[in-house]
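Reading the structure
Chain by chain, the residues run as shown.
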Amino acid sequence: MNILFLGDVVGRSGRDAITARLPVLRQRLAADLVVVNGENASHGYGLAPDMARAFLAAGADVVTLGNHAWDRKEIIPFLEQERRVIRPVNFPPGTPGHGFVVVEVPGNRKALIVNVMGRLFMDALDDPFRAVQALLQQHPLGRAVHASVVDVHAEATSEKQAMGTSFDGLASLVIGTHTHVPTADHRVLPGGTAYQTDAGMCGDYDSVIGMQKAPAALRFWRKMPGEKLAPAEGEATLCGLFVETDDATGLARRVSAVREGGRLEAAGG
Ligand SMILES: [Fe+2]
Ligand SMILES: [Fe+2]
C-alpha cells in the first residue's frame, strides 16, 4: 500500500497548498491512503467543518487532530457525523468524537488510523501507550487490516521515539506531529514499522512554527501577553512522509520524505 502522511496544516497558506496541490501529489505518488493532520488549519487554531470537507475532497482519506482539536467549536458535532476526522484517542471516556477509524482502501483493503496525544509538556490525558496498544491488538496488522498508521501528536522527541519502538512490528507507520518541523530520522525500524519523529507542517516556514515571525519572537523578548498570533501567509511547504508497505504483512518496505513548495529543500516522495 502506498501511504502519504502530511503534517499539521497551518492557516490559509497550508489550506491552499492542500487544496491546490494534494490532488496532483496524490496522483504522482499513486497513493492509496492519504492522512493529513488538520489541527492548525483554522488561523492556526483548530479545524472548521468546511475545511475538513475541503481536505477530504482534495484527496485526504482521514484528517487527524491534536491539542487544538477543540478550538473551533463547530467541529464537536461534526466529529460525531464524520468518522474520517479523528481526535486524539486518549481523551477521557465520554469526550465527543473518535480517536481512530478503519477506512476502506482500493483493492478491497482496510487501514486503521489512530490519533494519540503525548503527555510530556502537554495536557495530561489518559495513557497514550496503553491506548495505542489496545487498538493495535484489536486490529492486528496483516489480519484485520492491511495497514495501520499512528499519528503521535506530541512535544517530546523521547516520547515519540518510545512510541515508535513500543509498536515496532505492530503498526505500518508511527509518525509524530505537533512540533511543525520535519525531522531527518525517517526510516524503517528493525521490526518493520516506518517511523519519523515529526512529519513537519504544511505551512509557511518563514515563520515561528507557522505563525508570523515578529509577534511570535516578541513573546520571548517581552514576558507579557501579546496579541493573538496569526499564521504566516507565504507559500506553504507540504511536508510529510511517503511509505510503501507490504499488504501481506502490513509492514513498511520503504520510506521517503516529502517536501514540496515554499522555503524548504524539496524532497520527492
Ligand atoms: Fe500543530
Ligand atoms: Fe499540536
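Check the entry above for the structure.
Position numbers for residues start from 1 in each chain and track the written sequence from start to end. Throughout, the order in which chains and ligands are written sets their labels, letters from A for the former and numbers from 1 for the latter. With the structure being a predicted model, the display of local features is reserved for residues of pLDDT at least 70 and the display and counting of side-chain atom pairs for 80 or more, all residues being used for whole-chain, interface and lining totals. Side-chain descriptors were evaluated using all non-hydrogen atoms of the structure, hydrogens and water having been removed beforehand.

**Digging into the overall build of the protein chain**
The helix and strand inventory of the protein chain stands at six helices and 13 strands. Using C-alpha atoms as the atom set, the radius of gyration is obtained and then compared with a globule rule of 2.2 Å times the number of residues to the power 0.38. For 269 residues, the compact-globule estimate of 2.2 N^0.38 gives 18 Å, and the C-alpha radius of gyration of the protein chain, at 17 Å, lies within 12% of that figure. If you line up the protein chain on its principal axes, its C-alpha atoms span 55 × 40 × 35 Å. Burial classes: relative accessible area under 20% of the type maximum marks a residue as buried, over 50% as exposed, and values in between as partly exposed (1.4 Å probe, protein chains only). Residue burial in the protein chain is summarised as follows: out of 269 residues, 57% are buried. Contact criterion: two residues are considered in contact whenever any of their non-hydrogen atoms come within 4.5 Å of each other. Once local pairs closer than 6 in sequence are excluded, the contacts in the protein chain between residues at least 24 apart make up 63%. Residue burial considers only the protein chains on display, and all accessible areas are found by Shrake-Rupley using a 1.4 Å probe. Summing over all exposed atoms, the protein chain offers an accessible surface of approximately 11,200 Å²; the carbon and sulfur share of this is 53%. Distance between charge centroids for the protein chain: 1 Å, based on 27 positive and 30 negative side chains. Numbering goes from the N terminus for both helices and strands, where a helix is a DSSP run of H or I of at least four residues and a strand is a run of E of at least two. Charged-residue counts in this description rest on Lys and Arg as positive and Asp and Glu as negative, His and the chain ends being excluded. Think of each charge as sitting on NZ of Lys, CZ of Arg, CG of Asp or CD of Glu.

**Points about the coordination of the iron ion (ligand 1)**
Donor atoms (N, O, S) are those found within 2.8 Å of the metal centre, with the cutoff raised to 3.2 Å for Na, K and Ca; water is not part of the atom list, so apparent gaps in a site can occur. On the protein side, the iron ion (ligand 1) has Asp8 (OD), Glu39 (OE), Asn40 (OD1) and His180 (NE2) as donor atoms, found 2.0 to 2.2 Å from it. Written as a sequence motif, the donor residues of the iron ion (ligand 1) are D-x30-E-N-x139-H. Separating the iron ion (ligand 1) from the iron ion (ligand 2) is a gap of 3.3 Å, which Glu39 spans by donating to each of them. Linking Asp8 in the loop between β1 (2-6) and α1 (11-28) with Glu39 in the loop between β2 (33-37) and α2 (49-58), this pair joins segments that are 31 residues apart in sequence. According to the relative accessible area criterion, Glu39 is buried, its value standing at 1%.

**A few points about the coordination of the iron ion (ligand 2)**
In this structure, Glu39 (OE), Asn67 (OD1), His153 (NE2) and His178 (ND1) serve as the protein donors to the iron ion (ligand 2), at separations of 2.1 Å. If you look at the iron ion (ligand 2), its four donor atoms make angles of 86 to 144° with each other, and the shape they trace is irregular. A relative accessible area of 28% places Asn67 in the partly exposed class. In this scheme the shape depends on donor count and angles: four donors with every angle between 85 and 135 degrees give tetrahedral, four or six donors with opposite pairs above 155 degrees and others between 65 and 115 give square planar or octahedral in turn, and any other case is irregular.

**Topic: the pattern of salt bridges**
Salt-bridge detection follows one rule: a side-chain nitrogen of Lys or Arg within 4 Å of a carboxyl oxygen of Asp or Glu. With the rule as written, the count across this model stands at 17 salt bridges. Among the salt bridges present, the one from Arg21 reaches Glu260, with a minimum N-O distance of 3.5 Å. One end of the pair, Arg21, is in helix α1; the other, Glu260, is in strand β12 (residues 252-260), and 239 residues separate them in sequence. What makes Glu260 partly exposed here is its relative accessible area of 21%. Between Arg72 and Glu74 there is a salt bridge, with the nearest N and O atoms lying 2.6 Å from each other. Overall, Arg72 belongs to the partly exposed group, its relative accessible area being 25%. Since its relative accessible area comes to 37%, Glu74 is described here as partly exposed. Among the charged side chains, a salt-bridge network with shared partners connects Arg21, Arg28, Glu235 and Glu260.

**Examining the pairing of strand β11 (residues 238-245)**
Across the eight residues of β11, seven count as buried, placing the element largely inside the fold. Relative to β11, β1 runs antiparallel, the two being bridged by five bridges. Within β11, the residue paired with Phe5 across the bridge is Leu241. Only when DSSP finds a minimum of two bridges between them are two strands counted as paired. Direction of pairing for β11 relative to β12: antiparallel, over a ladder of eight bridges. Paired with Cys239 across the two strands is Arg259, which belongs to β12. Where β11 folds back on β12, the antiparallel hairpin that results is connected by six residues, among which Gly250 adopts a positive phi of roughly 80°.

**Considerations on the sheet that holds strand β8 (residues 173-177)**
In spatial order, the strands read β5-β6-β7-β8-β10-β9; together these six strands make up an open sheet with mixed pairing. For this open sheet the edge positions go to β5 (100-105) and β9 (187-188), each flanked by a neighbour on one side alone. Here two bridges tie β9 to strand β10 (residues 194-196), and the two strands are oriented antiparallel to one another. Bridge pairing links Val188 to Ala194 in β10.

**A word on α2**
Regarding α2, the residues found buried are Pro49, Met51, Ala52, Phe55, Leu56 and Ala58. Packed against the buried residues of α2 are α1, β3 (62-64), α3 (75-81) and β4 (85-86). One or two positions beyond α2, positive phi appears at Gly59, with a value near 125°.

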